[in-house]
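Spelled out from the first residue to the last, the chains are:
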Amino acid sequence: MWRSLGKFVLKNRVALLVVMFIITAMMGYFASRVKLSYEFSKAIPTDNPKAKDYAAFRQRFGDDGNMLVLGVQSDKLFELATFKAYCQLQKDIKKIGDVEDILSIPTSVALVKDSVTEKLNAARIFDTSIATQALLDSEKAVFNNLPFYRNLLYNPNTHAYLMGVRINKDSLNSKKRDIIIRDITAAAKRFENATGVDTHLSGLPLIRTLVAERIQKEMKFFLLGSLLLSTLILLMFFRSVSTTLLSLGIVLIGVVWTLGVMYLCGYNITLLTALTPPLVVVIGIPNCIYFINKYHTSYLANADKNNALVTMVSKMGVVTLFCNITAAIGFAVFAFTKSAILKEFGVVAGISIMLIFVISFILLPAVLSYLPAPNTTQVKYLSSKWITVFLLKAENIAIHHKKTVFATTLAILVFAGIGMFKLKTIAYIVDDLPQTDKVYTDLKFFEQNFKGVMPLEIVIDTKKPKGILQSSIDIRKIGAFEDSVLAVQPGVGKPLSVVDAIKFSYQALSQGVGDSTYTLPAFGNPLADLHKTLREIEIKKENHEMTAKDTAMLKLVNSFIDSTEEYLRISMSMADVGTSRLPKVLDSIQNKIPEYFDSSYSVTLTGSSITFLEGSKFIIDDLQKSIFRAFLLIAVCMLYLFKSVRILICSLIPNIVPLVITAGIMGWAGVPLKPSTVLVFSIALGIAVDITIRFLVNYKQELTENKNDVEATVRSTINQTGLSIIYTSLVLIAGFIIFCASSFGGTFALGWLTSLTLLTATITNIILLPVLLLVMRKKK
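Residues numbered from 1 in each chain as written. Predicted model: local features only at pLDDT ≥ 70, side-chain atom pairs only at ≥ 80, totals over all residues. Heavy atoms only, no water.

(A) Fine view of the overall build of the chain. Counting its secondary structure elements, the chain contains 26 helices and ten strands. Dimensions of the chain, computed from the C-alpha atoms along their principal axes, are close to 110 × 50 × 45 Å. With an accessible surface of roughly 33,500 Å², the chain has 61% of that area assigned to carbon and sulfur atoms. With 80 positive and 59 negative side-chain charges, the chain shows a separation of 13 Å between the mean positions of the two kinds. (Helix = DSSP H or I, 4+ residues; strand = E, 2+ residues; numbered from the N terminus. Areas by Shrake-Rupley, 256 points an atom, 1.4 Å probe, with all protein chains shown as cover. Lys, Arg positive; Asp, Glu negative; His and termini not counted. Charge placed at Lys NZ, Arg CZ, Asp CG, Glu CD.)

Structure (structure tokens):
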């Protein structure tokens, strides 16, 4: 069948080349329309309980991940010149499009009691045009006497100050986000130049934007880098510019088709899907090497170019097909997960790997038929001395030192097994960034001075509309819950809720200063006045008589109580404590809830911090299941291909050993299990099995010619396939090593861990696999 396909390709090469050109042009058009994803990674499915809680929270209170924070640390902020520059910074940021609101010291307000009406009015603390240092000092004293702002906008112990910038959530999920972040950064830079005070920027909007920008840049870098390394290896290998250009042309077409597939599937470029174009290059080049290597050896055998091309297709077609199938399985199993980001990666990578086989299968024989027959220089690599010496040593070890091979393998596995017990599962929101990166250091600034910027929310459900203001809910219990439970949690910032609004109001009504009057009233229902105020505002709204102060009051209350007045929100920011510490913090809070709220209330913990934790757990669990699925599917393919349980066992062991060794080295090196590192095992398994398939297919073909002499067949197979296995392994390792240049820790780990696994797999398939075939041979 494969020989007939080879003849069909050569006979219809013109028509096939025209079809390929048309499809590539169409895919090129689709590829040009692929967009960068500006949304946060969808790690968990929408039907997950934590995802449902978070979606409900966002529907009631809005997005908790659209706050960018700007911080400074200086004991000179309240010097007149510096403070004016800080006020100007606030004004500059406010002018930026899609900035909805700013919470900062220059715009902070105090509640002042009207002596006539006995009502509270909001008044700015700092004058819009401060002329003297004396006036600024007076206003600073007023500000410092309001505990509401302490540890929210400033840290009195470290002289650190915070400015919160709320950005339109729709703009954050569009290309406009880049412009907004760039303009805010530029305004911060102008403040630095004017005052000499360093600024720090953080928050989910900034982190997402900078990560997306780097994804785009690194995608181009990795693509160019993988192409450059592949070009160098191909030139060293074939010593032919035309053959090298042909191979590069095939993988470039594969890249175009990959981006086209991404668009047709309705996906955008994410941190994972950005890896697919370089992966297509890494996997496509070995296809070319194996096909062309067989073409050259066949041509040397009979000096007939057309016959050599047909032989190339007939001998390598089925082998390459199954190699690509197993590689595709290693990625495609992710498509069966419920995680959107993994599903997209699995679909695109799986389809792309199969498409690169189709492209190679058609273009290689078709184009090679138009090129001159290979000359002696181009086939000189077939007698490479250093590879020949290495293969002879490998052959000698496999034939004469079987016990040594088994003993060495066992010792390494024991060492790796001990390392595996040292493995830990932990992930951070920004742990993929180096610790010297400004995004990382700025985040640590806010953790040290304000206990972090990652959102954590608590929603109290009274289970009935108007339940917050009309029920017998004890606001003092909520206050006690905040003070005794939330405020003492390590790594958790100051909690904010309607309790703080009431404390702020009570302090103004009692005309007190400092901490002594920043408390809840000792008698009466503290919510009654708030309920009365809201009803008055509703009447004004119906009569179109609302003032700016009414709007501000309504906005303040709505940030803590939903429109139905059934749900109450407690907001906090926390440090990026990681998936190991975060469950302990959450459990500590959850276990205390029954002490403050009876069964008539439902209390839910949610926010971006919790969805991140759930997402990390979900992805790791899905990846572990995917490895098992990939293993089973690859085993089925091997069994179908070789129709022998004995060969199946021989084929799986050399691929399991490298995975165990990699896991052990991760344990010894302190590399944690997280989504980016677990991904290595499934990918490496799918690619490493290619080497096994190529070895065993050749072994099976040679076994008949050697009259079932296993030792003679093993010798000839090592010599015949070893050359192409080593060269393709070099391409694969070089292709993944390029990922080590990434600024993302996860991508860096993917690079060196996958390269290590493939290197180990090359050795086990050239040495351990032959030993297993010899030991498990059928007795005569």
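(B) View of the packing of aromatic side chains. Evaluation of the coordinates by the stated rule reveals 25 aromatic pairs. Ring centres of Phe 143 and Tyr 149 lie 5.3 Å apart, and the angle between their planes is 25 degrees; this geometry places the pair in the stacked category. Under the relative-accessibility criterion, Phe 143 is labelled buried at 0%. Taken together, the aromatic side chains of Phe 78, Phe 83, Phe 126, Phe 143, Phe 148, Tyr 149, Tyr 154, Tyr 161 and Phe 504 make up a single cluster linked through ring pairs. Directly above the ring of Tyr 640 sits Lys 643, whose terminal nitrogen or CZ lies 4.6 Å from the centroid. (Phe/Tyr/Trp six-rings, centres within 6.5 Å; stacked < 30°, edge-to-face > 60°. Buried < 20%, exposed > 50% of the residue type's maximum accessible area, 1.4 Å probe, protein only. Lys NZ or Arg CZ within 6 Å of the ring centre and 35° of its normal.)

(C) Spotlight on a nonpolar patch on the surface. Together, Val 14, Val 18, Phe 21, Ile 22, Met 26 and Tyr 370 make up a nonpolar patch on the protein surface, roughly 640 Å² of accessible area in all. Residue position: Val 18 is located in helix H2 (residues 13-31). With relative accessibility at 45%, the residue Val 18 sits in the partly exposed group. (Patch = residues over 30% accessible without salt bridge, like charges linked within 9 Å, V, L, I, M, F, W, Y side chains within 5 Å. Salt bridge = Lys/Arg side-chain N within 4 Å of Asp/Glu carboxyl O.)

(D) Examining the side chain of Ser 651 more closely. Mapped onto the secondary structure, Ser 651 falls in helix H23 (residues 645-669). When sequence neighbours within four positions are dropped, the list of residues in contact with Ser 651 reads Met 638, Thr 692, Leu 696 and Leu 769. (Contact = heavy atoms within 4.5 Å.)

(E) Just unusual backbone geometry, in detail. One non-glycine residue, Asp 98, lies in the positive phi region at around 75 degrees. Here Asp 98 lies in the loop between helix H4 (80-95) and strand S2 (99-103). Here Asp 98 falls in the partly exposed class, since its relative accessible area comes to 26%. Positive phi outside glycine occurs at Asn 151, with the angle close to 65 degrees. Topologically, Asn 151 is positioned in the loop between helix H5 (133-144) and strand S5 (154-155).

(F) Broad picture of the nonpolar core. Counting 249 residues, the largest nonpolar core has Ile 93, Ile 105, Phe 345 and Phe 481 as its most contacted members. Per-element accounting of this core gives the leading share, 17 residues, to helix H24 (residues 675-705). For Phe 481, the contacting residues outside a window of four places in its chain are Ile 458, Leu 486, Ile 570, Ile 589, Ile 593, Tyr 596 and Phe 597. Core analysis: the next-biggest nonpolar cluster, separate from the first, contains five residues, Tyr 54, Phe 61, Val 459 and Tyr 567 among them. (Core = buried A, V, L, I, M, F, W, Y, C linked by side-chain atoms within 4.5 Å.)

(G) Structural view of the sheet that holds strand S9 (residues 567-574). As summarised here, the arrangement of the three strands in space is S9-S8-S10, forming an open sheet in which the pairing is antiparallel. The open sheet has two free edges, formed respectively by S9 and strand S10 (602-606), since each of these has just one partner strand. Strand-to-strand twist of the sheet, defined as the mean angle between neighbouring strand axes without regard to direction, takes the value 15 degrees. Sheet topology note: the strand S8 (residues 454-461)/S10 ladder contains five bridges and is antiparallel. Paired with Asp 461 across the strands is Ser 602, a residue of S10. Running at roughly 110 degrees to S9, helix H3 (residues 49-61) makes contact with S8, S9 and S10 of the sheet. (Pairing = 2+ DSSP bridges. Axes fitted to C-alpha atoms, helices over the stretch in contact; angles between N-to-C directions.)

(H) Summary view of helix H12 (residues 340-368). In this model, H12 (29 residues) spans 41 Å end to end at C-alpha, consistent with the 42 Å of a helix rising 1.5 Å per residue. Among the 29 residues of H12, 22 are classified as buried, and the element is accordingly described as predominantly covered. (Expected span 1.5 Å × (residues − 1).)

(I) Fine view of the environment of Met 262. Examined against the element boundaries, Met 262 turns out to sit in helix H9 (residues 241-264). Given the relative accessible area of 0%, Met 262 is considered buried. In the structure, Met 262 is positioned 90 residues away from Ser 352 in sequence and 9.3 Å away in space, judged by C-alpha atoms. The contact partners of Met 262, leaving out residues within four places of it in the chain, are Val 34, Tyr 267, Asn 268, Ile 269, Thr 273, Thr 276 and Val 348.

(J) Representation of helix H15 (residues 438-450). For H15, built from 13 residues, the straight-helix expectation of 18 Å at 1.5 Å per residue is met to within 8% by its first-to-last C-alpha distance of 18 Å. Every buried residue of H15 is accounted for by Val 439, Tyr 440, Asp 442, Leu 443, Phe 445, Phe 446, Glu 447, Asn 449 and Phe 450. N-capping of H15 is provided by Asp 437, with a side-chain oxygen placed 2.8 Å from the backbone N of Val 439. Positive backbone phi, approximately 65 degrees, marks Lys 451, located one or two places after H15. (Polar contact = N/O pair within 3.5 Å; in protein donor to acceptor, adjacent residues only side chain to side chain.)

(K) Looking closely at the packing of H24 against helix H25 (residues 710-737). Viewed as axis vectors pointing N to C, H24 and H25 meet at an angle of 155 degrees, and their least axial separation amounts to 8 Å. For the element pair H24 / H25, the angle class is roughly antiparallel. When the axes of H24 and H25 are compared, the crossing they make is right-handed. Counting all contacts with H24, which are made through Ile 683, Ile 687, Ile 691, Arg 694, Phe 695, Asn 698, Tyr 699, Glu 702 and Leu 703, the residues of H25 involved are Val 710, Thr 713, Val 714, Ser 716, Thr 717, Ile 718, Gln 720, Thr 721, Ile 725, Ser 729, Leu 732 and Phe 736. For the contact of H24 with H25, a count of residues per class yields twelve nonpolar, seven polar and two charged. (Parallel < 35°, antiparallel > 145°, perpendicular 65-115°, else oblique. Left-handed = near helix turned anticlockwise from the far one by under 90°. Nonpolar A, V, L, I, M, F, W, Y, C, P; charged D, E, K, R; others polar.)

(L) Region of interest: the pattern of salt bridges. Summed over all chains, the structure comprises eleven salt bridges. Close ionic contact of Arg 190 with Asp 92 constitutes a salt bridge, the shortest N to O distance being 3.7 Å. Pair noted here: Arg 190 is in helix H7 (residues 176-195) and Asp 92 is in helix H4, with a separation of 98 residues, a long-range link. For Arg 190, a relative accessible area of 46% gives the class partly exposed.

(M) Examining the pairing of strand S6 (residues 160-167) more closely. With respect to burial, S6 is a largely interior element, seven of its eight residues being buried. Sheet topology places strand S1 (residues 67-73) next to S6; seven bridges connect them, and they run antiparallel. Each bridged residue has a counterpart across the sheet, and for Gly 71 the counterpart in S6 is Leu 162. Across four bridges, the pairing between S2 and S6 is antiparallel. Across the sheet, Val 99 pairs through a bridge with Ile 167, a residue of S6. Bridge count for S5 against S6 is two bridges, and the pairing is antiparallel. Looking at the pairing, Tyr 154 lines up with Tyr 161 of S6.

(N) Region of the structure containing the packing of helix H11 (residues 305-332) against H24. Two numbers describe how H11 lies on H24: the axes approach to 7 Å, and their chain directions differ by 160 degrees. Here H24 runs roughly antiparallel to H11, going by the angle between their axes. At the point where H11 passes H24, the crossing takes the right-handed sense. Mapping the contact onto sequence places Lys 315, Met 316, Val 319, Thr 320, Phe 322, Cys 323, Thr 326, Ala 327, Gly 330 and Phe 331 in H11 and Ser 682, Ile 683, Gly 686, Ile 687, Val 689, Asp 690, Ile 693, Arg 694, Val 697 and Gln 701 in H24.

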